[in-house]
Each structure stands twice: as structure tokens, then as C-alpha cells.
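Chain residues, written in single-letter form:
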Amino acid sequence: MNPLWFFEDTNLFKVLYPHKFKAYKKDHDFDAYKKKDYIYFTEDSANKIYLIEKGKVKVGYYSEDGEEVVKAILSKGQLF
């Protein structure tokens, strides 16, 4: 597995000004994902940074045995 970075125990919404984020959101596209959707695979090119606006994201992979290995569960305000 290629390394995947994320900011642990950080909520950027606590340091961003709410009005600036609203203005930023108007000018940029945001993707929405449903529970159990895959966002990123290790073979994908790492050309995006994801900021979680709401919900949770499970970071992990499947071992050769098919076992799910969870490295982290990220939530609102965290980046990966």
C-alpha cells in the first residue's frame, strides 16, 4: 500500500472563518459520497486533497486475506 497522509485530531473548520468558507464553496465544486462509497484507491494518482465537510471517512485497505484493515476514521474538518 502506498502511504496516505491525513491530519489526525485536526478540525480546520475551527480555524477557518465561516464566511470565507461559504465564499470558497460558491466558487468550487464539492463531491458528495454515500456510505460505503470508495473515494480513493492506492493505484489512483494522488492529485487531490479532501476536506471533510460532514460525515465520516474510513481510511484503510484490505489485506491479502480479504480482511479490512482500518488505519483511521476521519470526520468533519479533517484532511486527507
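Our subject is the structure that appears above.
Keep in mind the model is a prediction, meaning the values are calculated, not measured. Along each chain, residue indices are assigned from 1 in the same order as the chain's sequence is written. Reporting in this predicted model follows two pLDDT cut-offs: at least 70 for local features of residues, and 80 or more for side-chain atom pairs to be given and counted; totals over whole chains, interfaces and linings ignore these cut-offs and use all residues. Here the side-chain values reflect all heavy atoms present in the structure, with hydrogen atoms and water set aside.

A. Inspection of the overall build of the protein chain at higher detail. Within the protein chain, the regular secondary structure consists of 1 helix and 2 strands. Per-residue burial over the protein chain gives 15% buried out of 80 residues. The way it works is that DSSP assigns letters per residue, a run of H or I at least four long becomes a helix, a run of E at least two long becomes a strand, and they are numbered from the N terminus. Type-normalised accessible area, obtained with a 1.4 Å probe on protein chains alone, sets the label of each residue: buried when under 20%, exposed when over 50%, and partly exposed for intermediate values.

B. A look at the nonpolar core. By size, the foremost hydrophobic cluster in this structure holds 7 residues: Tyr-50, Ile-52, Val-57, Val-59, Ala-72, Leu-74 and Phe-80. When contributions to this core are tallied by element, the ones reaching two or more residues are β1 (56-62) and β2 (68-75). Non-local contacts of Val-57, meaning those with residues more than four positions away in its chain, are made with Ile-39, Ile-52, Ala-72, Ile-73, Leu-74 and Phe-80. Residues enter a nonpolar core if they are buried and are Ala, Val, Leu, Ile, Met, Phe, Trp, Tyr or Cys, with the set joined through side-chain atoms within 4.5 Å. Between two residues, a contact is recorded if the distance between any of their heavy atoms is within 4.5 Å.

C. Structural view of the environment of Leu-79. Note on placement: Leu-79 falls in the segment after β2. Linking Leu-79 and Glu-53, residues 26 residues apart in sequence, is a C-alpha distance of 9.7 Å.

D. Summary view of the pairing of β1. In terms of strand pairing, β1 meets β2 through 7 bridges, oriented antiparallel. Along β2, the bridge assignment pairs Lys-58 with Ile-73. At least two DSSP bridges between two strands are required for those strands to pair. Hairpin remark: β1 followed by β2, antiparallel, with 5 residues in the connecting loop; positive phi at Gly-66, about 90 degrees.

E. Focus on the environment of Lys-34. Examined against the element boundaries, Lys-34 turns out to sit in the loop between α1 (18-27) and β1. Sequence separation between Lys-34 and Gly-55 is 21 residues, and the spatial gap between their C-alpha atoms is 9.5 Å.

F. Summary view of the packing of aromatic side chains. Two rings from Phe, Tyr or Trp (for Trp, the six-membered ring) form a pair when their centres are within 6.5 Å of each other. A pair whose planes differ by under 30 degrees is stacked, one over 60 is edge-to-face, and the rest are tilted. On inspection of all chains with the given rule, the structure shows 1 aromatic pair. Note on Tyr-50 and Phe-80: the rings are 5.0 Å apart at their centroids and 15 degrees apart in plane angle, and the pair reads as stacked. With Tyr-50 in the loop between α1 and β1 and Phe-80 in the segment after β2, this pair connects stretches of sequence that are 30 residues apart. The pair formed by Tyr-50 and Phe-80 is uniform in burial state, with each residue classed as buried.

G. Broad picture of the layout of surface pockets. Here a cavity is any set of points on a 1 Å grid over the protein atoms alone where a 1.4 Å probe fits but cannot get out, and a pocket is any open set with protein on both sides within 12 Å along at least 5 of 7 lines; a residue lines the site when it has an atom within 4 Å of a point. Grid points are joined across faces, edges and corners, and a volume is the space filled by probe spheres set on the points. Within this model, the largest pocket holds a volume of roughly 1600 Å³. Lining the largest pocket are 45 residues, with Tyr-33, Asp-37, Ile-39, Val-57 and Phe-80 sitting closest to its centre. Listed by contribution, the elements that provide at least two residues to the lining of the largest pocket are α1, β1 and β2. It is β1 that contributes the most residues to the lining of the largest pocket, 7 residues altogether. Asp, Glu, Lys and Arg are counted as charged, while Ala, Val, Leu, Ile, Met, Phe, Trp, Tyr, Cys and Pro are counted as nonpolar; the rest, among them Gly, fall into the polar class. Within the lining of the largest pocket, the residues separate by chemical class into 27 nonpolar, 5 polar and 13 charged.

That is the geometry; function is a separate question.
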